[in-house]
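Listed here are the chains, written in short residue letters.
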Number of protein chains: 2
Amino acid sequence: MSGIEDVALRAGVSKATVSRALSGRGYVSSVTRNKVENAASELGYVVSSNASSLVTGRTNNVGVIIPVINQWFFGSIIEGVERALIERGYDLMLYNLTKNTEARSRVFEYFLVRKRVDAIIAVTLEISPDEAASLLALGKPIAGIGGPLAGIPTLSIDDVAAARLATEHLIALGHRNIMHVGGDSAELMDFHVHSKRLQGFMDALGAAGLPFSDESYVATHFDIPGGYAAGKQILGDPRRRPTAIFAAADEVAIGVILAARELGISVPDDLSVIGIDNHPLADLFGLTSIAQKPAKQGEQAVDLVIRQLETAGWTPPNIHTTVPAQLVMRSSTSAPRAGAPR
Amino acid sequence: MSGIEDVALRAGVSKATVSRALSGRGYVSSVTRNKVENAASELGYVVSSNASSLVTGRTNNVGVIIPVINQWFFGSIIEGVERALIERGYDLMLYNLTKNTEARSRVFEYFLVRKRVDAIIAVTLEISPDEAASLLALGKPIAGIGGPLAGIPTLSIDDVAAARLATEHLIALGHRNIMHVGGDSAELMDFHVHSKRLQGFMDALGAAGLPFSDESYVATHFDIPGGYAAGKQILGDPRRRPTAIFAAADEVAIGVILAARELGISVPDDLSVIGIDNHPLADLFGLTSIAQKPAKQGEQAVDLVIRQLETAGWTPPNIHTTVPAQLVMRSSTSAPRAGAPR
DNA sequence: CCGAATCCTGAGAGCGCTCTCGGTATCGAA
DNA sequence: TTCGATACCGAGAGCGCTCTCAGGATTCGG
């Protein structure tokens, strides 16, 4: 591996000039720049990012902490973040922070601290005050997806509003007997998503003068099998059956639809179903949904940290930014059957 | 940020001793080690990995190149790789290498080369000879998932054998009219998976003396909607309808099942369906499948590169390793109906 | 035509570590 | 006692860059 010295020699200039020519910082005549570039490519030279980081203090790495990878929402975020980072010349260091406390503390105490990243993007991170403090103490730009999170700029859809929007859609269609299938709030990785979506559901019911009881709500796993199980449970008893279900996520909604189909319950004739996310499978199931774009949220989070990094003194304007979420109507929702129980 | 000097001062020892104490290399008395550790934690000191990398030449980073993130197979690999890397003290740098040639060449020419990673794990990477050469030229340990790939140790299930196993299962049940729904071989990211699974299908048919024609095979997108579309197409015409379908992946198989349900075709009574992967949703759909464990493959790939990194002179024994794949029987396959068309 | 501003380049210090090398202390075997 | 092996520690070189600083060349307005 050839070093900067070799390039300098070959180009007949000094190390300093090579550095300037290749990094684009400082004055270099175009003639010299060409010489240097030629020499560099002839030697297959490429700057050692370690050496350069050592003096500049910049690593050109951004750490991403994420609780799950293998789920549409999270996978999309990673894709968005990666794309945006590479485009700007940064590398992505991935930390999959599960509930596992051992690996967890390891990441916090060991990896993130080692001056390996310039900034951190934390995705739906449910962190303890200690952990938050240690993140902040790094003095590095941080952005969160989810939130709000004390002291950290975050962005997400307005979960309460989205849930209310979904519920209101059902109410507007004429439904009066609506149930909610949400996430299990015992699950760590939720950033209070579950409780907020439940809240929005309750708000909408309340505003419409509809009753809410324990019977109006079922918690389950946040995936298709979870929705399926909940669907089977809810729809099993014909007399209790609601005319509409608001699922807290499209995966859950799809599970509900599958359960309904299996029970011979027609969607939307016998049962309307709405979810949140606008998952790629929503189309296949004709699922009405509240759309959000996690990949875009990832890009925005990158913006947030990179801007802090590159424009001195800039700090994010709001502590929490709400990104848009809109109703996408498909065929899983309609007015309840005329003779439906109320 | 305090440096090693500060710790040395506070502990009353030299920089060299601090380095030894903290890195665990070389002789340090336990008394001294304690002093150093205390001083370090009191100061909140943590070694600069850049400075250390600069002299050791090791970054403790492993680059992972992967074509997709948001799919079960790939997401699981990332999870497995990440877990295994963190456990061993390495960080994961993620490069999502799509077909997009711009970002692609960027990763190859710019990122990977910059001495930022100690090793590379390439997942189902369909690379050009040039790209392969540039990877090898880095002189860094590489492992691939998929393959085989010239000059690079790889690991994967035996796709031909897995496909044959799936097909043989159908044949053994008595099916004679079997179709295959596979991936579109025009898609870049496939490492010839599609053609290999088709091959295994053909092999099995041939061995059983069953005919293969253009009609025996449909290519589609490698996901649930793709399987659904293919299913609709295949199952639409009752007279052409096979008694069994071998789908090249569980997502595709699930799509086929959904299509069948919609057409009122009973699985497995009217149609047997088998896939490959043992996807988490396979259970929900009762899908018989050939199981593989991508997360484990990820861990094995990590093993491969880390061992090369840490045990001098060690090189991977085989150029390509086959990992096991087994039949998992569920309820989507059975003997064909007695009066079924042959 | 002169001084100031601008452009271009090189010498060399130093980023924060690790590692070699040499020196001292300890200890068991000869 | 002597000697070699082993344990422990410090001084200082150097990893491969970037950046400051100083100096020379060039341009330009007055």
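Residues numbered from 1 in each chain as written. Chains lettered and ligands numbered in written order. Predicted model: local features only at pLDDT ≥ 70, side-chain atom pairs only at ≥ 80, totals over all residues. Heavy atoms only, no water.

**Considerations on the overall build of chain A**
Here's step 1: Per the secondary structure count, chain A includes 12 helices and 12 strands.
Here's step 2: Computed over the C-alpha atoms, the radius of gyration of chain A is 26 Å, more than 25% above the 20 Å expected from 2.2 N^0.38 for a compact globule of 342 residues.
Here's step 3: Considered along the principal axes of its C-alpha atoms, chain A spans approximately 90 × 40 × 35 Å.
Here's step 4: The buried share among the 342 residues of chain A stands at 54%.
Here's step 5: Partitioning the contacts of chain A with sequence separation of at least 6, the portion at a separation of at least 24 is 72%.
Here's step 6: Carbon and sulfur atoms form 52% of the exposed surface of chain A, whose accessible area is close to 14400 Å².
Here's step 7: Here chain A carries 31 positive and 35 negative side-chain charges, and the mean point of each set is 4 Å from the other. (Helix = DSSP H or I, 4+ residues; strand = E, 2+ residues; numbered from the N terminus. Rg over C-alpha atoms; globule rule 2.2 N^0.38 Å. Buried < 20%, exposed > 50% of the residue type's maximum accessible area, 1.4 Å probe, protein only. Contact = heavy atoms within 4.5 Å. Areas by Shrake-Rupley, 256 points an atom, 1.4 Å probe, with all protein chains shown as cover. Lys, Arg positive; Asp, Glu negative; His and termini not counted. Charge placed at Lys NZ, Arg CZ, Asp CG, Glu CD.)

**Here's the deal with the pairing of strand β7 (residues 217-220) of chain A**
Two faces belong to every sheet, and in a regular strand the side chains alternate between them.
Residue and element names in this part refer to chain A.
Here's step 1: Side chains Val218 and Thr220 project from β7 onto a buried face, and the interleaved Tyr217 and Ala219 project onto a face without burial.
Here's step 2: Both strand β6 (residues 178-183) and β7 contribute to a ladder of 4 bridges, which runs parallel. Looking at the pairing, Val181 lines up with Val218 of β7. (Pairing = 2+ DSSP bridges.)

**Digging into the pattern of salt bridges**
Here's step 1: Evaluated as defined, the whole model comprises 24 salt bridges over all chains.
Here's step 2: Between A:Asp91 and B:Arg116 there is a salt bridge; the shortest N-O distance is 2.7 Å. Taken together, the residues span two chains, with A:Asp91 in strand β2 (residues 91-96) and B:Arg116 in the loop between α6 (101-111) and β3 (119-123). Like A:Asp91, the residue B:Arg116 is buried in the burial classification. (Salt bridge = Lys/Arg side-chain N within 4 Å of Asp/Glu carboxyl O.)

**Some details on helix α11 (residues 250-262) of chain A**
Residues and elements named next belong to chain A.
Here's step 1: The terminal C-alpha atoms of α11, which comprises 13 residues, lie 18 Å apart, in line with the 18 Å expected from a rise of 1.5 Å per residue.
Here's step 2: With 11 of its 13 residues buried, α11 lies for the most part within the structure.
Here's step 3: By the burial criterion, the buried members of α11 are Asp250, Glu251, Val252, Ala253, Ile254, Gly255, Val256, Ile257, Leu258, Ala259 and Ala260.
Here's step 4: Looking at the residues trailing α11, positive phi occurs at Gly264, about 75°. (Expected span 1.5 Å × (residues − 1).)

**Describing the side chain of B:Thr59**
Here's step 1: Tracing the sequence through the fold places B:Thr59 in the loop between α4 (49-56) and β1 (61-66).
Here's step 2: A relative accessible area of 4% places B:Thr59 in the buried class.

**Re the protein's contact with DNA strand D**
Here's step 1: Every one of the 27 residues lining DNA strand D counts as a neighbour, but A:Lys15, A:Ser19, B:Thr17, B:Tyr27 and B:Thr32 are closest to it.
Here's step 2: Sugar and phosphate atoms represent 65% of those atoms of DNA strand D found within 4 Å of the protein.
Here's step 3: Take B:Thr17: an N or O atom from its side chain is 2.6 Å from a phosphate oxygen of DNA strand D.
Here's step 4: Among the secondary structure elements, those contributing two or more residues to the surface near DNA strand D are α2 (15-23) and α4 (49-56) of chain A together with α2 (15-23) and α4 of chain B.
Here's step 5: Of the residues forming the surface near DNA strand D, the biggest block, 5 residues, is contributed by α4(A).
Here's step 6: Here the surface near DNA strand D is composed, by residue class, of 12 nonpolar, 10 polar and 5 charged. (Near = heavy atom within 4 Å. Polar contact = N/O pair within 3.5 Å; in protein donor to acceptor, adjacent residues only side chain to side chain. Nonpolar A, V, L, I, M, F, W, Y, C, P; charged D, E, K, R; others polar.)

**What to know about the domain arrangement of chain A**
All names here are of chain A.
Here's step 1: Partitioning chain A into structural domains gives domain 1 (4-47), domain 2 (61-156 + 294-323) and domain 3 (159-292).
Here's step 2: A straight line from the C-alpha centre of domain 2 to that of domain 3 covers 30 Å.
Here's step 3: At the interface, 17 residues of domain 2 touch 13 residues of domain 3.
Here's step 4: Both sides of the domain 2 and domain 3 interface together cover about 1300 Å² of buried area, and 61% of this is carbon and sulfur. (Domains from an automatic or database assignment. Buried area = accessible area lost by both parts, 1.4 Å probe.)

**Some words on the relation of the copies chain B and chain A**
Here's step 1: Aligned on chain A, chain B shows an RMSD of 0.0 Å; the corresponding rotation is 180° and the shift along the axis is 0.0 Å. This pairing of chains is accounted for by a two-fold axis. (Least-squares fit on C-alpha atoms with pLDDT ≥ 70 in both.)

**Regarding the protein's contact with DNA strand C**
Here's step 1: Taken together, 27 residues sit near DNA strand C, with A:Thr17, A:Tyr27, A:Thr32, B:Lys15 and B:Ser19 positioned nearest.
Here's step 2: Within 4 Å of the protein, the atoms of DNA strand C are drawn from sugar and phosphate moieties in a proportion of 65%.
Here's step 3: Within the side chain of B:Lys15, a nitrogen or oxygen atom sits 2.7 Å from a base nitrogen of DNA strand C.
Here's step 4: Measuring from a base nitrogen of DNA strand C, one finds a backbone N or O atom of B:Ala51 at 3.4 Å.
Here's step 5: Sorting the residues of the surface near DNA strand C by element identifies α2 and α4 of chain A together with α2 and α4 of chain B as the ones contributing at least two each.
Here's step 6: Examining the composition of the surface near DNA strand C, we find that 5 residues originate from one element, α4(B), more than from any other.
Here's step 7: Grouping the amino acids of the surface near DNA strand C by side-chain chemistry returns 12 nonpolar, 10 polar and 5 charged.

**Here's the deal with the nonpolar core**
Here's step 1: If you look at the biggest cluster of nonpolar residues, it comprises 92 residues, and the most contacted ones within it are A:Leu94, A:Ile121, B:Leu94 and B:Ile121.
Here's step 2: Not counting residues within four places of it along the chain, the set of residues in contact with B:Ile121 comprises B:Val62, B:Gly63, B:Val64, B:Ile65, B:Val81, B:Ala143, B:Ala301, B:Val302 and B:Val305.
Here's step 3: If you look at the next biggest cluster of nonpolar residues, it comprises 58 residues, including A:Leu258, A:Ala259, B:Ile234 and B:Ile245. (Core = buried A, V, L, I, M, F, W, Y, C linked by side-chain atoms within 4.5 Å.)

**Observations regarding helix α3 (residues 30-43) of chain B**
All names here are of chain B.
Here's step 1: With 14 residues, α3 should reach 20 Å at 1.5 Å per residue; the first-to-last C-alpha distance of 20 Å fits that figure.
Here's step 2: Every buried residue of α3 is listed here: Thr32, Val36, Ala39 and Ala40. For α3, the angular spread of buried residues about the axis comes to 100°, placing them on one side. Residues Ser30, Val31, Ser41 and Glu42 are exposed on α3 and point more than 90 degrees away from its buried face.
Here's step 3: On its buried side, α3 packs onto α1 (4-11) and α2.
Here's step 4: Phi turns positive one or two residues past the end of α3, at Gly44, with a value near 65°. (Arc of directions from axis to C-beta.)

**What about the sheet that holds strand β9 (residues 272-277) of chain A?**
Residue and element names in this part refer to chain A.
Here's step 1: With mixed pairing, 6 strands are arranged side by side in an open sheet as β7-β6-β8-β9-β10-β12. Looking at which strands have only one partner, the edges of the open sheet turn out to be β7 and β12 (326-328). Taking the axes of each pair of neighbouring strands and ignoring which way they run, one obtains an average angle of 20° across the sheet.
Here's step 2: Relative to strand β8 (residues 244-247), β6 is paired through 4 bridges, and the arrangement is parallel. In the strand pairing of β8, His180 is matched with Phe246.
Here's step 3: Packed onto the sheet, helix α9 (residues 193-207) meets β6, β7, β8 and β9 and runs at close to 170° relative to β6. (Axes fitted to C-alpha atoms, helices over the stretch in contact; angles between N-to-C directions.)

**Thoughts on the side chain of A:Thr154**
Residues and elements named next belong to chain A.
Here's step 1: With respect to the helices, strands and loops of the structure, Thr154 is situated in strand β5 (residues 154-157).
Here's step 2: Take Thr154: its relative accessible area is 0%, and that puts it in the buried class.
Here's step 3: There is a polar contact of 2.7 Å between the side chain of Thr154 and the side chain of His320.
Here's step 4: Non-local contacts of Thr154, meaning those with residues more than four positions away in its chain, are made with Gly144, Gly146, Gly147, Pro148, Leu149, Ile319, His320 and Thr321.

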